Amino acid sequence: MENARLFALSILVSYFLVIICLFGVILNSFRGLVGAASKSKVLAFSTLTVASFAHTWFYMFKFMHWSFIDYETTATSIADAPLDRLTDWLLNTRLFEQAWAAVSFSTMNWWWSEQLCLFTVGFWTAFLYFQGSRYGIKHVWAYMLLGQLVAISVASNLFYLAIVLSPRQRGYKPLQPSLAPPVLWVSTFIALACVFRSPYTDESAFLPNLLFMHGLVVIPFFFVKSAKMAFWIPVESLHGIYLLAAAAMRIKTTAMAWETSGSATKFLMDVWSTLHSHPAQSSIGYDVVWTTVSFMVWSILEGGGLMASLLAPVTSVGVSAPLSVWHTKVDKRKIDKF
């Protein structure tokens, strides 16, 4: 039993140690780059990083506290020593699964959570993949892992900051990539299928589907410099597919949520009340909010796909982000023809 307690505690400690290491890897890569960067952009994304981290993790710690109280409320016996109480909770609670189940198994909960899933497995994975190479950003994989372990809003703001700090941001900028390799589009398309399947899973299939989705979007970052072979597709086609898939899923989920609410006023009230219905839901819900705000700020400051990004609060960032890239790429091709 003592070995089991030690193992349970080591998992929690390892979780926080990995997060600290990921922050360290990313922040260490910024050393020596701050001086030549745009101070207003550095301030903007630094502020957004700190604010999104503080806000989402306020609710993450509230979730852990809620989970601990919930366990002890139903436990048949409670240990006397605080450390034993902590390890008993960790031994008998599946925190990761508990959190995701709380934000996935009802129509309105999924209305919030789906937005973050669609943004992450579609646009953001491709954005990291292409822009990381374009701007010579180190350890791109760390941003994806940090997003999965901490918050997508935190990791995305750090990545925006990395681009702003990149020496390639000043003067001549490398061309935008025009083709996407199979390792990227195959991984993300399957991950999108996992997002579609998620609300229809049962208790036995939910966690494997979730872990598979998380694992798929890490794979491309181990093959960033893969040689050009067959089955590469145009980047605008890639984002066009992300756009269509995300829009279809959002229309379906929103229609189901609307049907449950019955009116526009009740729908908006349900959206707000669901956001604060559970600490885990608040954490991921505000991650959606901060991710949306951060993407809009990025688009405004960089001037890319501005109108599409401004639609993000209405259409969701999972739809507007690929729309902004697809629209920009298509417009550029039309101009290039003349």
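Residues numbered from 1 in each chain as written. Predicted model: local features only at pLDDT ≥ 70, side-chain atom pairs only at ≥ 80, totals over all residues. Heavy atoms only, no water.

Undergrad: Could you give me a rundown of the pattern of salt bridges, with the residues and numbers involved?
TA: Evaluation of the coordinates by the stated rule reveals seven salt bridges. Residue Glu 302 is joined to Lys 41 by a salt bridge in which the shortest nitrogen-to-oxygen separation is 2.9 Å. Of this pair, Glu 302 sits in helix 12 (residues 279-302) while Lys 41 sits in helix 2 (residues 39-74), and the two are 261 residues apart along the sequence. When its relative accessible area of 26% is taken as the criterion, Glu 302 is described as partly exposed. Look at the salt bridges and you will find they share partners, linking Arg 5, Asp 84 and Asp 88 into a network. (Salt bridge = Lys/Arg side-chain N within 4 Å of Asp/Glu carboxyl O. Helix = DSSP H or I, 4+ residues; strand = E, 2+ residues; numbered from the N terminus. Buried < 20%, exposed > 50% of the residue type's maximum accessible area, 1.4 Å probe, protein only.)

Undergrad: If you had to explain the environment of Met 60 to someone new, which residues and values would you point to?
TA: Looking at the element boundaries, Met 60 is found in helix 2. A relative accessible area of 18% means that Met 60 is categorised as buried. Measuring from C-alpha to C-alpha, the distance between Met 60 and Ser 282 comes to 8.3 Å, with 222 residues separating the pair along the chain.

Undergrad: So what about the packing of aromatic side chains? Which residues, and what values?
TA: Counting across every chain of the model gives 30 aromatic pairs. Measuring from centroid to centroid gives 6.1 Å for Phe 63 and Trp 66, while their planes differ by 25°, and the two rings are stacked. Taken together, the residues Phe 63 and Trp 66, both in helix 2 and three residues apart, mark about one turn of the helix. Between Trp 185 and Phe 189, the ring centres sit 5.7 Å apart and the planes meet at 45°, which makes this aromatic pair tilted. On the criterion of helical spacing, the pair formed by Trp 185 and Phe 189 is a turn pair, its members being four residues apart in helix 8 (residues 182-197). Note on Phe 189: relative accessible area 24%, which makes it partly exposed. By the ring-pair criterion, three or more aromatic residues cluster together here, those being Phe 45, Phe 119, Phe 123, Phe 127, Tyr 143, Phe 159, Tyr 160, Phe 295 and Trp 298. (Phe/Tyr/Trp six-rings, centres within 6.5 Å; stacked < 30°, edge-to-face > 60°.)

Undergrad: Summarise the nonpolar core; cite the residues concerned and give the values.
TA: Trp 124 and Tyr 143 are the most contacted members of the largest nonpolar core, which totals 94 residues. If you tally residues by element for this core, the top one is helix 5 (residues 107-134), at 16 residues. Sequence-distant contacts of Tyr 143, defined by excluding residues within four places in its chain, comprise Ile 26, Ser 29, Phe 30, Trp 124, Leu 128, Ile 137, Lys 138, Ala 155, Leu 158, Phe 159 and Ala 162. (Core = buried A, V, L, I, M, F, W, Y, C linked by side-chain atoms within 4.5 Å. Contact = heavy atoms within 4.5 Å.)

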